[in-house]
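If you want the building blocks of each chain, they are given just below.
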Amino acid sequence: MKFVGSWGQIYTRWIRRLIPPISMMVVVLLLILMYLISESLQRANQPEHLYLSLLGLSALGILFLAAVVLGHIIRLVSNYRRGAPGARLTARLVLTFVGLTSIPVLIVFYFSVSFIQRGIDSWFDVQVEQAMSDALSLSQLAFDGQMRTAMNETMRAATQLKGVSGDLVALDLNAVRRNTGAHEMTIFGSRNLIVASASDDLQAIVPSRPDETALSHARAGKDFIGLDPGGGDSMRIRVVVPLTAGLTGDGSSEVLQALYSISPRANQLSSSVQAAFNEYRSLIFLHKSLKKTFTFALTLALLLSLLTAVWLAFIAARRLLAPIRELAAGTRAVAEGDYSLRLPVDRRDDLGQLVQSFNTMTARVRRAHQVMQQLQEVADQERDYLETVIQHLSSGVLTLSPDGRITRNNSVVTQLLSITSQHIDGCTLTEICQIYPHLEPICAAFGHLLEPGQLPAGATVEAQVRIMGDAGRRILLSRVAALPADDVTGGFVLVFEDVTTLIQAQRDAAWSEVARRLAHEIKNPLTPIQLSAERLRRRLLGNLSDEPAQILDRSTQTIINQVEAMKFMVNEFAEYARSPQITLKILDLDELVSEVIDLYKGGDIPVLHRSVGHPLPVRADAGRIRQVLHNLIRNAQQAMTEQGCPGSDEPEVTLSTGLHQEGGLVLVELTVTDNGTGFPEDMIDRLFEPYTTTRPKGSGLGLAIVKKIVEEHSGMVLASNVQDGPVELQSDIPARGVATAKTGARIVIRLPFALPDLPMDTNRETASPKSSVLTGSKEDRPETSPADLTSRHNAPRDLFRRMDDTRAESDLDHSG
Amino acid sequence: MGSFMLCWKKTDRAADRNSAAASALSVFLLLALVLLCAQAHASSANIQRAHAEIREGVVYLDVDLKLVLDKEMIDAMRNAIPINLSMISVIESPRDWWLPNEIASDQRRYRLEFHALSKTWLVTDTLEHEARSFSTLDGALHSLERIRAWPVTTAKHLEGRGPLVGRVRMVLDVNKLPLPLRFPALFDSRWSLNSAWFSWTVPTVGAADRGDDL
């Protein structure tokens, strides 16, 4: 892989750079070769190997050029398929260039080939050919006379030599040769061995031998005569005749060969005729090949032209399109979001200006993009800020998409609606109401408004919804608003605000005002009415007869009783409306409860006390707390007296004291439970309001006063019914007594746990219902060390532990 | 009817395929025939025997070969185009993993031509400048097919060379052909008169074979 990588680098760095100059050199070389081939076609006296070498070199050069062009074409096709920038334009330019060059080249080629074909054909003429043949025949005829003479002379010599014995033949042969005028005379014996030979050339060692045809002719008894071209320019007449007459060709007979020279002039003329004849014949034979050769040379030139044209077209297209390709690549980069690209401007023509404009455009787009990014960041920050604000609102916020699905919520909304946020994301309000049935009032109030077109954009609908959550009944001031339709998201926003406490406070304040006015306006005339009634009774009762006296007695008694009752009621009102100064002291609630219960000992309905056995310090006004205990015990006893006790159980009232932990805060808890019929369900949430009573003779102020006093002590009071089983809804204290109560009413009071060493605000006005004993400004308290604070915080927890231990060890203390 | 038409169409298509196959086959056969004919008319040179012996310190080689000339080639000679043939003999010492080392080489060149005036065939040994005329082409070819006592090298030159291998071949000298024939002759089987290399046994050089002993 490394090798391949390095090879790729070498190719990119060197070969790709070197190919164009090499190609140019090859083209020049090919042009030279073409010229040389053309020259060699015209010249006869050329080196033997030159032509084929030139052709081979040309073929190599053209192959190289073809490979270069093929490489360009393959790369172009690959780029074209890949959709590389500039590939289509390159292809079009190359095709245009090639078309422009190849058409004239092909036309020239066609006409050149036609011209060669016709031109070479026109060299030959039938008459010339015939004349040449005739000249050759004439030359042959010119030798006929000499040949006949030579034949006669040879036959005569053969006759002379017939009678000569073998040894003397060699001696006579030279004389016979001289007589006949032969140049050379040889006798061949059996197996073609030379028997004797005579020649006028003394330097010739080996006599010329006839070919097998001539010998076989002679041995067959026939005479042979023919022209012998010899080796050089001198032709000779060869005559072969049998020497021994009557013998068959069995190889044993002898033959005589005589060679006669031809005159030099005749030789010269015949050679000239033959040379011309040969040249013309060879031209006729070669004319087809010659046409092919010229066509081949032209084809080489055509190939060279075309390949050079294509190659130059590629080079030109590359040079021309380089800036356009860069522009296309740049545009693609910009389209993919890369604005940092800056193209080099290295030319001053129109394309250079185009590149310059592109760079300017890219720079502007980059700036605009940066601004957009900054704006986006600002928008994101604002959105995050808004998100943070929404999360920290005291109101619960829900945003819904146009199709009614929840897109966003803050943590308060889950707390207010007693739901978990993971259940509501992407749900519609109806779906949430199906999951959480206690939210049905919200759906009833707003469900139909979230339908498309029901709520116009910008419109707001407000409603007060009462739901029952984990922390009891809540009154939510709910508001739905349709977001503007041109907003990015549109949809709705739902805002919930917990107004339970506010409404309760308003209601309490109103009742206090009513009570104060009633007490003031009614109490004043009551005493004169009572005095007047007593005076009428005292003065008139003795003076009247029996009947009127009885009427007067009953009437005045009724007036006096009713006025007394009215006074009691007005006093209670006054008590409710009164805001006396309370004196807070640390006292043991457990002990106080025991004291109050002692007063009820021996009553019809027993009062039990379940104590933890440890002091429960609270910061309270003992008198007010006593009133609370009296109110609660009396209330329970009266309720059970009037309404009875369900089942066969004996009525009883139980007061439990203990500690309660809630959200890291330790509270002292007092629970008053009876085993009566309990509170009516529809009255539980209004139980502590004035004039709310289940008894016919009740004023409805007892529990209202209890609540008022408890809230003055920064405590809280809760009412509930004891349902089947020992279900401790409001208290953590497991109680054996409670376990027996099947039904009944229960009121729980929780007061802040008082730490003994905290400074006491002895003359505090009525405390805020929400204020806690541990919540006070720093200025209100003396400086305390962190260790002190830690020990103070740990004190209730230690108490808890001790309580748990005690519960495990001992039974509850039942008193009363 | 529909099925018939379908079948008919199928038959038609099948017929088309058959005809296409038939034409392809005929083209193939034609090509094969052309090639076969070309092969039948091709020229060839095959060395059938080569024997060497040392006489008087000289290595003499006798070669028998078979020459077949194509009609085109004979036609060319009848039209005054001579054929030049070279007989090449090489004696080599083989080497492992490398080309053999050439110890000695010799060449004999012949020209075969037709003499129009005398209507004879002329065989010329161009190196020895010896010419012999023949009445027939067969006679001329026969003289070329039988090479006798060709002195390829001296025995002394081969002494102490280890095992040697002799090779001999005949080639057509294309560069001596007229220009228009040179390029076609390279690829035309009618002009392929180059024989394959024929190996012959190089005789072992004995003491008596050394020329200096004589």
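Residues numbered from 1 in each chain as written. Chains lettered and ligands numbered in written order. Predicted model: local features only at pLDDT ≥ 70, side-chain atom pairs only at ≥ 80, totals over all residues. Heavy atoms only, no water.

**Focus on the overall build of chain B**
Of the regular secondary structure elements, chain B holds five helices and nine strands. In chain B, the succession of α and β elements from N to C terminus is α-β-β-α-β-β-β-β-α-β-α-β-α-β. Each of the 214 residues in chain B was classed as buried or not, and the buried ones make up 40%. On chain B, roughly 12000 Å² of surface is accessible, and the fraction owed to carbon and sulfur atoms is 57%. (Helix = DSSP H or I, 4+ residues; strand = E, 2+ residues; numbered from the N terminus. Buried < 20%, exposed > 50% of the residue type's maximum accessible area, 1.4 Å probe, protein only. Areas by Shrake-Rupley, 256 points an atom, 1.4 Å probe, with all protein chains shown as cover.)

**Details of the overall build of chain A**
Scanning chain A from N- to C-terminus turns up 19 helices and 18 strands. Across the 816 residues in chain A, those meeting the buried criterion constitute 40%. Counting contacts in chain A only where the partners sit at least 6 residues apart, residues at least 24 apart contribute 65% of the total. (Contact = heavy atoms within 4.5 Å.)

**Notes on the packing of aromatic side chains**
Considering all chains together, one arrives at four aromatic pairs over all chains under this definition. Considering the side-chain rings of Y110(A) and F111(A), the 5.3 Å spacing of their centres and the 75° angle between planes classify their relative orientation as edge-to-face. Comparing Y110(A) with F111(A), the two get one shared label, exposed. In this structure an aromatic cluster arises from ring pairing among F296(A), F183(B) and F187(B). The residue whose ring lies beneath R88(A) is Y80(A), and the NZ or CZ to ring-centre distance is 4.9 Å. The ring of Y60(B) has R55(B) sitting right over it, with the charged end atom 4.5 Å from the ring centre. (Phe/Tyr/Trp six-rings, centres within 6.5 Å; stacked < 30°, edge-to-face > 60°. Lys NZ or Arg CZ within 6 Å of the ring centre and 35° of its normal.)

**A look at the pairing of strand β8 (residues 165-172) of chain B**
Residue and element names in this part refer to chain B. Direction of pairing for strand β3 (residues 83-95) relative to β8: antiparallel, over a ladder of eight bridges. Note that in β8 the partner of L85 across the bridge is L172. With four bridges joining them, β8 and strand β9 (residues 198-201) adopt antiparallel strand pairing. Within β9, the residue paired with G166 across the bridge is W200. (Pairing = 2+ DSSP bridges.)

**Quick word on a nonpolar patch on the surface**
Residue and element names in this part refer to chain A. Together, M24, V28, I32, Y35, L36 and L312 give the surface a local cluster of nonpolar side chains, amounting to about 540 Å² of exposed area. Considering each element in turn, the nonpolar patch owes the most residues, five residues, to helix α1 (residues 2-42). Position of M24 among the secondary structure elements: in helix α1. Given the relative accessible area of 39%, M24 is considered partly exposed. (Patch = residues over 30% accessible without salt bridge, like charges linked within 9 Å, V, L, I, M, F, W, Y side chains within 5 Å. Salt bridge = Lys/Arg side-chain N within 4 Å of Asp/Glu carboxyl O.)

**Brief notes about the confidence of the model for chain A**
Residue and element names in this part refer to chain A. Summing up the model confidence of chain A, the mean pLDDT is 79 and the portion of residues at 70 or higher is 85%. This stretch, residues 725-741, has a pLDDT under 50; its non-local contacts, to residues over four places away or in other chains, come to 41 contacts. Segment residues 758-793 is flagged for pLDDT under 50; beyond a separation of four residues in sequence, or across chains, it makes 43 contacts in the model. (pLDDT = per-residue confidence, 0-100.)

**A word on the interface of chain A and chain B**
Between chain A and chain B, the residue contacts involve 34 residues of the former and 28 residues of the latter. A buried area of about 2700 Å², summed over both sides, lies between chain A and chain B, and 64% of it is on carbon and sulfur atoms. Taken as a group, E48(A), L52(A) and F285(A) account for 23% of the area that chain A buries against chain B, more than any other trio of residues on that side. Viewed at the interface, chain B and chain A are joined by zero salt bridges. Applying the counting criterion to the chain A and chain B interface returns nine residue pairs in polar contact (both at pLDDT 80 or more). (Buried area = accessible area lost by both parts, 1.4 Å probe. Polar contact = N/O pair within 3.5 Å; in protein donor to acceptor, adjacent residues only side chain to side chain.)

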